[in-house]
Amino acid sequence: MALRDLNTDYAGRKGPMFRLALKTGILTILTLGFYRFWMKVRMRRYYWSAIRPGGIPLEFTGRGSETLTGFLTAVTVLAFYIGVINLVLMYFSFSLFQGNMPAYFVSAIGVAPMIFFAQYRSRRYILARTRWRGIRFGLEPGVKGYIWRALLWWLAVIVTGGLLWPAKTYALEKYRTDRTWFGDQRFEQTGGMRGMFHAMRHVYLGVALMAVFGTLAYGLDEPVWVIGAIMGGVWTVLGLAYWRAMSFGYLTEGKKLGEAGFQCRPRPISVIGIYLGGGLLISLILTGLFIVIGLGFGILIGIVSVIDVNELFDDLGMLADLPIWVLTLFGTVAYFAMFLFWNVLQQVFITMPLARHLAESTRLVNTHALPAIGQRDRDEFAEAEGFADALPLGDGI
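Computed from a prediction, not measured in an experiment: that's the story for all the values here. (Residues numbered from 1 in each chain as written. Predicted model: local features only at pLDDT ≥ 70, side-chain atom pairs only at ≥ 80, totals over all residues. Heavy atoms only, no water.)

**Q** Where do I start with the packing of aromatic side chains in this structure?
**A** Any two aromatic rings considered together are summarised by their centre-to-centre distance and by the angle between their planes. Applying the stated criterion across every chain yields a total of 12 aromatic pairs. Seen from their ring centres, Tyr146 and Tyr175 are 6.2 Å apart, and the 40° between their planes marks the pair as tilted. In this pair, Tyr146 is assigned in helix α5 (residues 143-159) and Tyr175 in helix α6 (residues 165-177), connecting sequence segments 29 residues apart. Judged by its relative accessible area of 2%, Tyr146 falls in the buried class. On the basis of relative accessible area, Tyr175 is assigned to the buried category, the value being 8%. Pairing Phe213 with Trp225 gives two aromatic rings, centres 5.8 Å apart and planes at 25°, and the pair type is stacked. In this pair, Phe213 is assigned in helix α8 (residues 201-220) and Trp225 in helix α9 (residues 224-253), connecting sequence segments 12 residues apart. One aromatic cluster is present, formed by Trp132, Phe137, Phe182 and Phe187 through successive ring pairs. One residue, Arg36, lies across the ring of Phe37, its end atom 5.0 Å from the ring centre. The ring centre of Trp165 lies 3.5 Å from the NZ or CZ of Lys168, which sits over that ring. (Phe/Tyr/Trp six-rings, centres within 6.5 Å; stacked < 30°, edge-to-face > 60°. Helix = DSSP H or I, 4+ residues; strand = E, 2+ residues; numbered from the N terminus. Buried < 20%, exposed > 50% of the residue type's maximum accessible area, 1.4 Å probe, protein only. Lys NZ or Arg CZ within 6 Å of the ring centre and 35° of its normal.)

Now the structure itself:
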C-alpha cells in the first residue's frame, strides 16, 4: 500500500478519560496501591489508541502483570542496596568521620546510576510493547553507555548552573533515538544542539531578569525592583512552556526513519494556554470539592456527635473534643479524595489536551518506504518498568 504524507489524528475525549481515570484511581486506592500497575497499562492503552498517524492507531500491548513482576524484582534489588550497602556506608562513616553525612552523600551518588538505568530500561520496555500498523518498535541494549553519558552530562549541567540543560537533553535523546528501531529500520536523530539552545532562550532571559532585578532590590533596598523580579519569574515559567513545545518539535523533526521523517510544529501559545487554563480549572474544581467535603464533615459531625454544629464552627478548638476516629476518617477521606481528583483532573485538563495538541501538530513525511519495513522480534524483559516504578520514576504515562 503506497502511503502519502500522513497527518496525525487524535481520537481521545475528555468524558471517557475522566471515567477511566476516576475508575482506575478508585480501584488503586481501594487496593492500597496494588491496582496502579494495571491502571497505568489501561491509561497508556487509551492514550496510544487515541494517537492515529494516518488514521491508524498506535497499540500498547503491555500487561499489568509484567509491571507488577518487574516492580517486585526491582524492590528486591533496591532493598538489598538500602538495607546492606547503606548499612556498610553508615558504619564506615561513623568510624572514619564521626558522623552520618558522608554516608548520605555517597548513598545519593550511588542512587544516580540506578535512576538512569531505570529511565533507559523503562523506555526500552515501552517501545517494545508499542506497535503501529502491526509493526513493533524497539530499543537496543545500551544502558551502560547511557548511564555514564547521563552522569557526565548531569555533572556538566550542575557545574554550569543549568546552562547546558539543552545540550544534555539533545545528547541523551540522540543516544536513545539512534538505538531505536521501527521493525527492521533504525531511527536516526539529526540536527544539533544549537536549535535546543534557541528553544531555551526565554528561560535564560527570565532567569537573567530575576537575577538582575533581585540584585537591585536587595542592593538598593527599593521594593519597586521586586516587581521586575516577579516579572522575570513569570517570564521564566512561560519560557518553560515555550521550551516544552519548541524542544519537542525540534527533536521530533530531527528524527529520521530511512527516507521517512516528521514535520512537527507545536504552537507555544497553545501549550502555555493548556497549562494556564488547565491549572485554573483544576484549582477551581478542587476548591469546590474542598468546600463540599467540608460541608459533608459538618453533616457527619451532626450525626455522630452531640456537639452543636454551629458552635463547632464558632470555636474550632472544640475539634479536639471529637472522637479520634471521626478526625482520622475525615482526614483519610479528604487526603485520598484530593489526591485522586488531582490526578483525574490533571489527565483531563492538562495531559490529554497536551497530547492532542502535540499529536495533531505532527505529520509523517516521505512515507513511501514504510510498507517495506519488516517485523522485528519481540523483546522480553525480566523487570519491565520495575526500577522506574520503585524509585519512583514510572508514574508518568
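We are not done yet, so read on.
**Q** What exactly am I supposed to notice about unusual backbone geometry here?
**A** With the exception of glycine, the majority of residues adopt a negative phi angle, and the majority of peptide bonds are in the trans configuration. Even without being glycine, Arg133 reaches a positive phi, approximately 55°. When its relative accessible area of 26% is taken as the criterion, Arg133 is described as partly exposed. At Asn366, a residue that is not glycine, the phi angle is positive and equals roughly 55°. Within the secondary structure, Asn366 is located in the loop between β10 (362-365) and α13 (386-390).

**Q** What is the right way to read the sheet that holds strand β4 (residues 130-132) from this model?
**A** On the basis of which strands lie adjacent, the open sheet formed by 10 strands has the order β2-β1-β10-β9-β8-β7-β6-β5-β4-β3 and antiparallel pairing. Each having just a single partner strand, β2 (51-53) and β3 (58-60) make up the two edges of the open sheet. The sheet shows a mean angle of 30° between the axes of neighbouring strands, taken without regard to direction. For strand β7 (residues 185-189) and strand β8 (residues 255-257), the ladder comprises 3 bridges, and the chain directions are antiparallel. Counterpart to Glu188 in the pairing with β8 is Lys256. Contacting β5 (135-139), β6 (180-182), β7 and β8, α6 crosses the sheet at an angle of about 170° to β7. Sitting on the sheet, α9 is in contact with β7, β8, β9 (260-264) and β10, with an inclination near 160° to β9. (Pairing = 2+ DSSP bridges. Axes fitted to C-alpha atoms, helices over the stretch in contact; angles between N-to-C directions. Contact = heavy atoms within 4.5 Å.)

**Q** Which parts of the structure should I look at to understand the pairing of β7?
**A** Looking along a regular strand, one sees side chains alternate from face to face of the sheet. Judged from the 2 bridges that link them, β6 and β7 form a sheet pairing that is antiparallel. Each residue of the ladder has a partner; that of Trp181, found in β7, is Arg186. Where β6 folds back onto β7 in an antiparallel hairpin, the turn is made up of 2 residues, including Gly183, whose phi is positive at roughly 65°.

**Q** Would you mind showing me how to read the packing of α8 against α9 here?
**A** To characterise two packed helices, one gives the angle between the axes of the helices and the distance between these axes. In contact at an axis separation of 7 Å, α8 and α9 are set at 165° when each is read in the N-to-C sense. It follows that α8 is roughly antiparallel to α9 by the angle criterion. Crossing of α8 against α9: the hand is left-handed. Residue classes in the contact of α8 with α9 are distributed as 16 nonpolar, 8 polar and 1 charged. (Parallel < 35°, antiparallel > 145°, perpendicular 65-115°, else oblique. Left-handed = near helix turned anticlockwise from the far one by under 90°. Nonpolar A, V, L, I, M, F, W, Y, C, P; charged D, E, K, R; others polar.)

**Q** Got a minute to help me understand the nonpolar core in this structure?
**A** Generally speaking, soluble globular proteins have nonpolar side chains that are buried together. If you look at the biggest cluster of nonpolar residues, it comprises 49 residues, and the most contacted ones within it are Met17, Tyr47, Trp132 and Phe182. Per-element tally for this core: the top contributor is helix α12 (residues 324-360), with 9 residues. (Core = buried A, V, L, I, M, F, W, Y, C linked by side-chain atoms within 4.5 Å.)

**Q** What am I meant to see in the pattern of salt bridges here?
**A** If charged atoms from side chains of opposite charge come close, those side chains can pair. Inspection of the entire model under this criterion finds 11 salt bridges. For Glu59, the salt bridge identified is with Arg131, shortest N-O distance 3.1 Å. Of this pair, Glu59 sits in strand β3 while Arg131 sits in strand β4, placing them 72 residues apart in sequence. The partner of Glu173 in a salt bridge is Lys255, with the nearest N and O atoms 3.0 Å apart. Highlighted residues: Glu173 in helix α6 and Lys255 in strand β8, separated in sequence by 82 residues. (Salt bridge = Lys/Arg side-chain N within 4 Å of Asp/Glu carboxyl O.)

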